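Notes for the structure review
Here is what each chain is made of, one letter per residue.
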Amino acid sequence: MSEWVKVADAGDVAEGEINSYTVGSRTIAVANVDGDLQALDDTCTHQGCSLSEGDLDGTIVECPCHGGRYDVMTGEVVGGPPPEPVDVFDVLEEDGELRVRTRDDD
Amino acid sequence: MDVVVVGGGLAGAAAVGALRAEGFDGCLILIGDETLPPYERPPLSKGYLRGEETEPHLVHPEPWYAEQDVDLRLGTRASRLVASERVVELEGGERVAFDAAILATGSRPRRPPIPGLELEGVFDLRVAGDADRIKAAAAGSSRAVLIGMGFIGAEVAASLRHLGLDVSVVEPFSVPLERVLGPILGGAIASLHRDHGVEMIFGDLAERFDGAGRFEALVTRAGRRIEGDLAILGVGVEPVTEIAGPEVEVGNGIVVDETLRTAAPGVFAIGDVALHDHPVFGPVRVEHFDKAIKQGEAVARNVLGADEPFADAMWFWSDQYDSEIQMSGYATAWDDMVVRGSIEERSFAAFLLQDGVLRSTVTMDWKLDARRSMPLIAAEARPERELLADPGLDLRTLHPPKDAT
């Protein structure tokens, strides 16, 4: 069963920033695009670097290692070397908590 | 429309990927003279050479080409472009007609006429097979001699030290990478390698390789004799321009305008082989991984009619031991350098300026600032020295507004 997991207090990700959180065996990145939160797998599909250590520019996050670019809204690759998109997840702020929901098979 | 891409390296593979991603559904042929599908070369001097990665890292998985209806012709050499007939001739005589041709033939290692270069045990490094041969030779060896300490030489030195070999390098300049980084930043690279036990001999050249059928020693111009089990030449590359016929101008590369077009209609060039008229830097021929991909992406849009200048500020990285070096922009000369962090501690960003304009940023174990410099370099910004020197100042706050460029 998938369930919502608290990863931080609400407001932990400032506008224009991207942070990462450990949820079970995965690391999830949460980006704040103009006040809207987006959650995606933090691990670049190219060489496994942490996307949240890169910069967020609008909806695009750029991997700090080799320049892979993903759209945080969809997880799709928009440029650079990554061969595959990353998974995206549900995320919300509620009752003062930042919560992420991974899927059943995670 | 029929598009032919000549060259099965990263740039060519990025171009075919971007053409399909942009919705191009015409005939698409990729011609490569290697037998492997296009793969990434950076690991060849790093993880692949050290044996940590056992398979070449393919740009697209092999089935992708068939799925995307790309006619992948491996082990095939294009011999001549006949631009006026819009035809590429292949070795063996086949003629491939095109509406647009993208030349992405890359570069090959320079092989200066040094006596003994043909001896067994003397290598250079360009393709996966070269890395395989060096790895195999290194496995039974205790001592390697390297000629040249550019990025390839420096990375190979680090990888061979990691494998436990003694490493000596002969380099004509006074520090590694002096032409690219200058003496001060090159000195930081020298100290890194010194701390890892590399013997560096500066201000000297390879005179000849000695050995009875097989490499035994390098003799230098100054008369040193450096014995070793294998030797690796890393003295730069030259563009592979032979395909360009008389209708396409060739200088130090295939000459293209800001939009990656040659003067011949329908003929473009990208990647290592392209001598590109960059809107900021002027004519440059640059051998970076990231630029190869981005030029592949850009040429796809231009083949489909976008006609956009390629204005990326350009960026690359080099991993040596546990240190990561990054560089953005392009500068052959600078009259000012501002540093945040510490060169001595090898954790810094160095900003290279000419007449107050930021031209290039070099970082060593210093995250983000090489890439954050790119919008400033592309805009030919004149950031204040005090701001550049302040590690607490986020360079993004200096970026020009998006719509201004």
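Cut-offs applied
Residues numbered from 1 in each chain as written. Chains lettered and ligands numbered in written order. Predicted model: local features only at pLDDT ≥ 70, side-chain atom pairs only at ≥ 80, totals over all residues. Heavy atoms only, no water. Helix = DSSP H or I, 4+ residues; strand = E, 2+ residues; numbered from the N terminus. Buried < 20%, exposed > 50% of the residue type's maximum accessible area, 1.4 Å probe, protein only. Contact = heavy atoms within 4.5 Å. Areas by Shrake-Rupley, 256 points an atom, 1.4 Å probe, with all protein chains shown as cover. Lys, Arg positive; Asp, Glu negative; His and termini not counted. Charge placed at Lys NZ, Arg CZ, Asp CG, Glu CD. Buried area = accessible area lost by both parts, 1.4 Å probe. Salt bridge = Lys/Arg side-chain N within 4 Å of Asp/Glu carboxyl O. Nonpolar A, V, L, I, M, F, W, Y, C, P; charged D, E, K, R; others polar. Expected span 1.5 Å × (residues − 1). Polar contact = N/O pair within 3.5 Å; in protein donor to acceptor, adjacent residues only side chain to side chain. Pairing = 2+ DSSP bridges. Core = buried A, V, L, I, M, F, W, Y, C linked by side-chain atoms within 4.5 Å. Domains from an automatic or database assignment. Axes fitted to C-alpha atoms, helices over the stretch in contact; angles between N-to-C directions. Parallel < 35°, antiparallel > 145°, perpendicular 65-115°, else oblique. Left-handed = near helix turned anticlockwise from the far one by under 90°. Disulfide = S-S within 2.5 Å.

We now examine the overall build of chain A. Per the secondary structure count, chain A includes zero helices and ten strands. Expressed as lengths along the three principal axes of its C-alpha atoms, the size of chain A is roughly 40 × 30 × 20 Å. Every one of the 106 residues in chain A was classed for burial, and the buried ones make up 48%. A sequence separation of at least 24 residues applies to 41% of the contacts in chain A between residues at least 6 apart. Looking at chain A as shown, the accessible area adds up to about 4900 Å², and 39% of this sits on carbon and sulfur atoms. Here chain A contributes 6 positive and 25 negative side-chain charges, whose respective centroids are spaced 5 Å apart.

Quick look at the interface of chain A and chain B now. Chain A puts 18 residues into the contact, and the matching count from chain B is 18 residues. Summed over the three residues of chain A that lose the most area to chain B, namely A:E53, A:D55 and A:H66, the buried surface amounts to 31% of that side. In this structure, the connection of chain A to chain B is made through six salt bridges. Taken together, the residues that form the side of chain A that touches chain B break down as five nonpolar, seven polar and six charged.

All names here are of chain B. An ideal rise of 1.5 Å per residue puts 16 Å on twelve residues; helix α3 (residues 128–139) measures up with 17 Å between its terminal C-alpha atoms. Of all the positions in α3, only A128, D130, A131, I134, A137 and A138 are classed as buried. Of the surrounding elements, those touching the buried residues of α3 are β9 (122–124), α4 (151–162) and β16 (230–233).

All names here are of chain B. Looking at the secondary structure, you find E287 in the loop between β22 (282–284) and α6 (289–303). Relative accessible area serves as the criterion here: at 40%, E287 is assigned to the partly exposed category. Taking the C-alpha atoms as reference, E287 lies 14 Å from L125; in sequence the two are 162 residues apart. In contact with E287, other than residues within four places in its own chain, are V237 and D272. In terms of polar contacts, E287 uses its side chain to reach the side chain of R285, at 3.0 Å.

Residue and element names in this part refer to chain A. With two bridges joining them, strand β4 (residues 36–41) and strand β9 (residues 88–94) adopt antiparallel strand pairing. Of the residues in β9, the one forming a bridge with L40 is V88. Hairpin connection, β9 to strand β10 (residues 97–101): the antiparallel pair is bridged by two residues, and D95 has positive phi, about 50°.

Once that is clear, we can look at the nonpolar core. All names here are of chain B. Grouped together as the largest cluster of nonpolar side chains are 76 residues, with contacts concentrated most on V3, V4, L81, V88 and I102. Split by domain, this core shows at least three residues from each of two domains, domain 1 (2–108 + 238–303) and domain 3 (322–398). Setting aside chain neighbours within four positions, we find I102 in contact with V3, V4, V5, V6, A15, L19, F268, I270, V299 and V303. Among the nonpolar cores identified, the runner-up in size contains 44 residues, and A158, V169, L192 and L230 belong to it.

Residues and elements named next belong to chain B. Taking 1.5 Å of rise per residue, the twelve residues of helix α1 (residues 10–21) would be expected to cover 16 Å, and the 16 Å separating its terminal C-alpha atoms lies within 8% of that figure. α1 sits mainly inside the fold: eleven of its twelve residues count as buried. For α1, the complete set of buried residues consists of L10, A11, G12, A13, A14, A15, V16, G17, A18, L19 and R20. If you follow the buried residues of α1, they end up packed against β1 (2–6), β2 (27–31), α2 (62–67), β3 (70–73), β7 (100–103) and α6.

Overall, antiparallel pairing links the four strands, which are arranged β5-β6-β7-β8 (chain A) in an open sheet. In this open sheet, the two strands that pair with only one neighbour each are β5 (56–57) and β8 (77–79) of chain A.

Quick look at the side chain of A:N32 now. Residue and element names in this part refer to chain A. As for its placement among the helices and strands, N32 is situated in strand β3 (residues 26–33). Within the local environment of N32, its side chain forms a polar contact with the backbone oxygen of V13, the two atoms lying 2.9 Å apart. Other than its neighbours up to four places away in sequence, N32 contacts V13, A14, E15, G16, E17, L37 and L56.

A few words on the packing of α1(B) against α6(B). Residue and element names in this part refer to chain B. For the pair α1 and α6, the least separation of the axes is 7 Å and the interaxial angle reads 40°. The orientation of α1 relative to α6 falls into the category oblique. Crossing angle aside, the handedness with which α1 passes α6 is right-handed. Counting all contacts with α1, which are made through L10, A11, A14, A15, A18 and L19, the residues of α6 involved are F289, A292, I293, G296, E297, V299, A300 and V303. Taken together, the residues of the contact of α1 with α6 sort by class into twelve nonpolar, one polar and one charged.

Here we come to the state of the cysteines. All names here are of chain A. Taken as a whole and judged by the stated rule, the model has one disulfide over all chains. There is a disulfide in this structure between C49 and C65, and the S-S distance comes to 2.0 Å. Given an S-S torsion of about -95°, the disulfide between C49 and C65 has left-handed geometry. On the criterion of sequence distance, the pair formed by C49 in the loop between β4 and β5 and C65 in the loop between β6 (60–62) and β7 (69–71) is long-range, its members being 16 residues apart. C49 sits in the buried class, given a relative accessible area of 15%.

Let's shift gears to the domain arrangement of chain B. How big an interface is tends to be stated in terms of the accessible area lost upon association of its parts. Residue and element names in this part refer to chain B. The assigned domain composition of chain B is domain 1 (2–108 + 238–303), domain 2 (111–235) and domain 3 (322–398). Between the C-alpha centres of domain 2 and domain 3 there is a distance of 30 Å. Domain 2 puts ten residues into the contact, and the matching count from domain 3 is twelve residues. Around 990 Å² of area is buried between domain 2 and domain 3 when both sides are counted, 77% of it from carbon and sulfur atoms. In this structure, R346 and D195 form a salt bridge, with 3.1 Å as the shortest nitrogen-oxygen distance. Where domain 2 meets domain 3, there are two residue pairs in polar contact (both at pLDDT 80 or more). Taken together, the residues that form the side of domain 2 that touches domain 3 break down as seven nonpolar, two polar and one charged.

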